[in-house]
Amino acid sequence: MKNYLTCGLLSAALLMMAAVANAGVKRIDLPPDGVQLKASSLPGYEKARLACVACHSAEYMQYQPPTAARPYWENMVKRMKAVFNAPLNDADIPDIVDYLVKTYGNEQAK
Ligand code: HEC
C-alpha cells in the first residue's frame, strides 16, 4: 500500500518535471477565436468589447433577430448583468444598448 503511494507520487513528480522541461518547446495552436463584435465608432463598441464577450463570443449577438428593437437589447444587457453577473456599470448600459441595436438590431444602417 505504502509503495503504491510512493510510486504514484513519484510518477506525478516525474510528470510535472517533464511538463516543466517541455514548457519552452510545446506549442499549442488554438483555433481562431470565435466571432468578434462588429467594429464600430460608437462609444458602446469598446464598452461591449469589455463587458459582453468575456463569457461567449459575439456569435450570440449575431443570432439575435435583426428586427429586435431597443427594449429587447436593453433587457438582454440587463439580464446579462442581473443573471450572469456580467461586469458592467449601469452608466455604460445606454451606450452598449445603442451600439447593439444599431449593429445587430432594428436600427442598423441599411
Ligand atoms: C458573465 C458571463 C456573461 C457575460 C459577461 C455576458 N453574457 Fe451573454 N450570456 C451568458 C450566458 C451564460 C448565456 C446563455 C444563457 C442562456 O442560454 O439563457 C448568454 C447568452 C447571451 C445571448 C443569447 C441570447 C439569450 O437570450 O440567451 C446574447 C444575445 C447575449 N448573451 C448577449 C450579451 C451581451 C450583449 C453582453 C454584454 C452586455 C453579454 N451577453 C455578457 C453569459 C454572459
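Just above, that's the structure.
Nothing here was measured: the structure is a model prediction, and the numbers come from that model. (Residues numbered from 1 in each chain as written. Predicted model: local features only at pLDDT ≥ 70, side-chain atom pairs only at ≥ 80, totals over all residues. Heavy atoms only, no water.)

Draft legend 1. Spotlight on the site of the ligand. In the neighbourhood of the ligand, 16 residues make up the surrounding shell, with Cys52, Cys55, His56, Arg79 and Met80 lying closest. One of the side-chain nitrogen or oxygen atoms of histidine 56 is found 2.8 Å away from a nitrogen atom of the ligand. Because more than half of its atoms lie within 2 Å of the grid, the ligand is assigned to the largest pocket. Going through the elements one at a time, helix 3 (59-62) and helix 4 (70-84) are the ones with two or more residues in the shell around the ligand. Residue contributions to the shell around the ligand peak at 5 residues, all from helix 4. (Near = heavy atom within 4 Å. Polar contact = N/O pair within 3.5 Å; in protein donor to acceptor, adjacent residues only side chain to side chain. 1 Å grid on protein atoms, 1.4 Å probe; cavity = no way out; pocket = protein on both sides within 12 Å on 5 of 7 lines; lining within 4 Å. Sits in = over half its atoms within 2 Å of the grid points. Helix = DSSP H or I, 4+ residues; strand = E, 2+ residues; numbered from the N terminus.)

Draft legend 2. Here's a closer look at the packing of aromatic side chains. A complete count under the given rule lists 4 aromatic pairs for this structure. Residues tyrosine 45 and tyrosine 99 carry aromatic rings whose centres are separated by 5.7 Å and whose planes lie at 45° to one another, so their mutual orientation is tilted. A residue pair is termed long-range when its members are at least 10 positions apart, and tyrosine 45 in helix 2 (residues 43-51) and tyrosine 99 in helix 5 (residues 93-103) qualify at 54 residues. When sorted by exposure, tyrosine 45 lands in the same class as tyrosine 99, which is buried. (Phe/Tyr/Trp six-rings, centres within 6.5 Å; stacked < 30°, edge-to-face > 60°. Buried < 20%, exposed > 50% of the residue type's maximum accessible area, 1.4 Å probe, protein only.)

Draft legend 3. Structural detail: helix 2. Along helix 2, the residues classified as buried are Gly44, Tyr45, Ala48 and Ala51. With its buried residues spanning 140° around the axis, helix 2 presents them on a single face. Tucked into the core, helix 2 has its buried residues touching helix 5. (Arc of directions from axis to C-beta. Contact = heavy atoms within 4.5 Å.)

Draft legend 4. Representation of the coordination of the iron atom of the ligand. Looking at the iron atom of the ligand, the protein donor atoms are His56 (NE2) and Met80 (SD), and they sit 2.0 to 2.2 Å from it. Relative to the metal, the 6 donor atoms surrounding the iron atom of the ligand lie at angles of 88 to 179°, and the coordination shape comes out octahedral. One end of the pair, histidine 56, is in the loop between helix 2 and helix 3; the other, methionine 80, is in helix 4, and 24 residues separate them in sequence. (Donors = N, O, S within 2.8 Å, 3.2 Å for Na, K, Ca; no water. Tetrahedral: all angles 85-135°; square planar, octahedral: opposite > 155°, others 65-115°.)

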